[in-house]
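Listed below, chain by chain, are the residues.
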Amino acid sequence: DEDDHQELSQDTKEFLTTLPKNKGWRTRHLYLFQGFWCQAKEIQAILSFQQHFRAQANDIIVASIPKTGTTWLKALTFSVVNRNLLSLGEKHPLLTSNPHDLVPFLEYNLYANNNIPAVSDSTSPRLMATHVPFQALPDSIRMESGNARVVYISRNPFDTFISIWHFMSKLRPEELGPFSFKEAFDTYCKGVIGYGPYWEHMLGYWKESLENPDKVLFLKYEEMKENITVHLKRLAEFLGCPFSAEEEKAGVIEEVAKLCSFENLKELDVNKNGKSIANFENKHLFRTAKVGGWRNHFTPSMVEQLSTLMEQKLAGSGLSF
Ligand code: A3P
């Protein structure tokens, strides 16, 4: 288990020995930490994030579980908040930077590797992202009275599984040995994925979005694919910068949607050939972006198993896919 532990502090290493663990997808193990599954390195960063982060007025946090459309929501949020940059045309930052480099992760970038970032004194909103479940976010983000806003993207659990599966297949180090489709599915259904169980992750943000709609905006990938205009308007309103009638007339919403579209981002040089966070290749973040692609992969018994599980787990919440 020493493979990915070299950069960890002695405290973290000792702490890990106290946690339940399971076979991991991209690392040898995932650990059950504060009720969710994490890689060792993530745990160290999350502890630091929880301890040191102080939300500021206007902070915007993009939240998700991996493979549900994080890259897309980062691009959209960045473009909406900084829409003065649209006037740059071909010099727009999204055309030369991957969305993950414009909206850093709290646990992979800002608080990773024992780093404690300096507090920026910029007056414009700070844009950050996280995969951490709502319950485990620092109090200063969760506080009702605080001004931090959280935008969450969810995706149907079937396509999410397939997306995770493909992602893992490309990035799993060979020395970890095989991880079959069947084993991956059973592991997913046990809730053992990064930051999972997925249903608990969704429900945490979902419940907060109902109780505190000014704090959390809950978005669904499929609905956004269906009608991005409606959801871009919701996003801008939620973030306190609604599109004006003039902007609507001038086609600004369509411009943002097009800039952030899968078709556009996937073809950019930075996303075809570049590397970003954690030194992995950006191209792996763009696969098919289809809704319902799972139908080509699931057997009838898998459909039955995951549908039943989700019905049970989401029962009474008002959330469904
Ligand atoms: P698929 O694997 O189903 O194609 P994340 O960004 O959270 O890692 O999610 C990755 C999923 O979002 C992938 O799904 C990827 O293709 C899709 N995706 C990436 N960029 C997108 C965009 N601009 N619009 C819609 N979907 C996008």
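Residues numbered from 1 in each chain as written. Predicted model: local features only at pLDDT ≥ 70, side-chain atom pairs only at ≥ 80, totals over all residues. Heavy atoms only, no water.

1. Section: the nonpolar core
Core analysis: the biggest nonpolar cluster contains 59 residues, and W25, F161, Y205, F298 and L306 have the highest contact counts within it. With near-sequence residues (within four places) excluded, L306 lies in contact with P157, F158, F185, Y188, C189 and F298. The next biggest cluster of nonpolar side chains, apart from the first, holds 43 residues, and it includes L76, F78, V80 and L127. (Core = buried A, V, L, I, M, F, W, Y, C linked by side-chain atoms within 4.5 Å. Buried < 20%, exposed > 50% of the residue type's maximum accessible area, 1.4 Å probe, protein only. Contact = heavy atoms within 4.5 Å.)

2. A few points about the state of the cysteines
Tallied over the entire structure, the rule returns zero disulfides. Left unpaired, C241 is separated from the closest cysteine sulfur, that of C260, by 13 Å. C241 sits in the partly exposed class, given a relative accessible area of 21%. (Disulfide = S-S within 2.5 Å.)

3. A closer look at the sheet that holds strand β6 (residues 149-154)
The strand order across the open sheet built from four strands is β5-β4-β6-β7, with neighbouring strands paired in parallel fashion. Among the strands making up the open sheet, the edge pair consists of β5 (127-130) and β7 (216-220). With direction set aside, neighbouring strand axes in the sheet form an average angle of 20°. Taken together, the four bridges between strand β4 (residues 60-64) and β5 define a ladder with parallel strand orientation. By the bridge assignment for β5, I60 is matched with L127. In this fold helix α3 (residues 70-81) packs onto β4, β5, β6 and β7, with an angle of close to 160° to the strand it touches most, β4. The strands touched by helix α11 (residues 228-238) within the sheet are β6 and β7, with β7 carrying the most contacts at an inclination of about 170°. (Pairing = 2+ DSSP bridges. Helix = DSSP H or I, 4+ residues; strand = E, 2+ residues; numbered from the N terminus. Axes fitted to C-alpha atoms, helices over the stretch in contact; angles between N-to-C directions.)

4. Quick notes on the packing of aromatic side chains
In the structure shown here, the tally under the stated rule is 24 aromatic pairs. The interplanar angle of 75° and the centroid separation of 5.5 Å between the aromatic rings of F161 and F185 together place this pair among those described as edge-to-face. Of this pair, F161 sits in helix α7 (residues 157-171) while F185 is found in helix α8 (residues 181-189), placing the two residues 24 residues apart along the sequence. We classify F161 as buried; its relative accessible area is 0%. Note on W165 and F181: the rings are 5.1 Å apart at their centroids and 80° apart in plane angle, and the pair reads as edge-to-face. Of this pair, W165 sits in helix α7 while F181 sits in helix α8; the two residues are 16 residues apart in sequence, bridging distant segments of the chain. Note on W165: relative accessible area 16%, which makes it buried. Taken together through their ring pairs, the aromatic side chains of F158, F161, W165, F181, F185, Y188, W294 and F298 make up a single cluster. Lying across the ring of F105, K74 places its NZ or CZ 3.4 Å from the centre. (Phe/Tyr/Trp six-rings, centres within 6.5 Å; stacked < 30°, edge-to-face > 60°. Lys NZ or Arg CZ within 6 Å of the ring centre and 35° of its normal.)

5. Here we look at the confidence of the model for the protein
Low pLDDT marks regions whose predicted coordinates should not be analysed in detail. Confidence along the protein averages 94 in pLDDT terms, with 97% of residues attaining 70 or more. Reported for the predicted complex are a pTM of 0.97 and an ipTM of 1.00. (pLDDT = per-residue confidence, 0-100.)

6. Focus: the site of the ligand
Around the ligand, 18 residues are found, and the nearest of them are T70, T71, S163, T288 and A289. Within the side chain of T71, an N or O atom sits 2.5 Å from an oxygen atom of the ligand. Compared with its free state, where it exposes 570 Å², the ligand has 97% of that area covered by protein. Elements represented by at least two residues in the shell around the ligand include exactly α3 and α14 (262-266). Ranked by residues supplied to the shell around the ligand, first place goes to α3 with three residues. Residues of the shell around the ligand, tallied by class, amount to eight nonpolar, seven polar and three charged. (Near = heavy atom within 4 Å. Polar contact = N/O pair within 3.5 Å; in protein donor to acceptor, adjacent residues only side chain to side chain. Areas by Shrake-Rupley, 256 points an atom, 1.4 Å probe, with all protein chains shown as cover. Nonpolar A, V, L, I, M, F, W, Y, C, P; charged D, E, K, R; others polar.)

7. Comments concerning unusual backbone geometry
Note the cis peptide between G196 and P197, where omega equals 10°. Along the polypeptide, P197 turns up in the loop between α8 and α9 (198-211). Although it is not a glycine, Q34 adopts a positive phi angle of roughly 50°. By the element assignment, Q34 lies in the loop between β2 (29-33) and β3 (36-38). When its relative accessible area of 45% is taken as the criterion, Q34 is described as partly exposed. A positive phi angle is found at N58, which is not glycine, with a value near 75°. Summarising the element assignment, N58 is placed in the loop between α2 (40-52) and β4.

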